[in-house]
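Close look at the chain arrangement
Letter by letter, the chains look like this.
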Amino acid sequence: MNLEVITKEDLKEFKNEMLSEIRQLMQPGQGQSKQWLKSVEVRKLLKISPGTLQNLRINGTLRFTRIGSLLYYKQEDINKLLEGGLQ
């Protein structure tokens, strides 16, 4: 049985690569990017459950706007959350 050791530096490099790929997917110039995203789109993008998204709303980590029964999230806020800068 072969074991590989993963260092903190390996994890940081992986995180940076993932953030870079997500930023490329969300670039406004590609025509697919929207300024506002629905809950289902945010969950797919962040790969989180509805409960986790609700917790992010409840504790104020991710701001949202309610229009009728739908919740919308600014793409800018999601980008800041991914970068660790949204409080």
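Heads up: the structure comes first, above all this text.
In this report, we go over the structure that sits alongside the text. (Residues numbered from 1 in each chain as written. Predicted model: local features only at pLDDT ≥ 70, side-chain atom pairs only at ≥ 80, totals over all residues. Heavy atoms only, no water.)

1. Looking at the sheet that holds strand β3 (residues 70-74)
For clarity, the cut-off: A strand pair is defined by DSSP finding two or more bridges across the two strands. Each helix corresponds to a stretch of at least 4 residues labelled H or I by DSSP, and each strand to a stretch of at least 2 residues labelled E; elements are numbered beginning at the N terminus. Here an axis means a line fitted to C-alpha atoms, over the contact stretch when the element is a helix, while the angle between two N-to-C directions is reported on a 0 to 180 degree scale.
The three strands are arranged β1-β3-β2 in an open sheet whose pairing can be described as antiparallel. A strand with exactly one partner marks an edge of an open sheet, and here the two such strands are β1 (36-38) and β2 (65-67). Each neighbouring strand pair of the sheet contributes to a mean axis angle of 40°, computed without reference to strand direction. Bridge count for β2 against β3 is three bridges, and the pairing is antiparallel. Looking across to β3, one finds that Ile-67 is bridged to Leu-70.

2. Topic: the environment of Ile-48
Here is the rule we go by: Per-residue accessibility, obtained with a 1.4 Å probe over protein chains only, is compared with the maximum for each type, and a residue is labelled buried under 20%, exposed over 50%, and partly exposed between these values.
Relative to the helices and strands, Ile-48 resides in the loop between α2 (39-46) and α3 (50-58). On the basis of relative accessible area, Ile-48 is assigned to the partly exposed category, the value being 22%.

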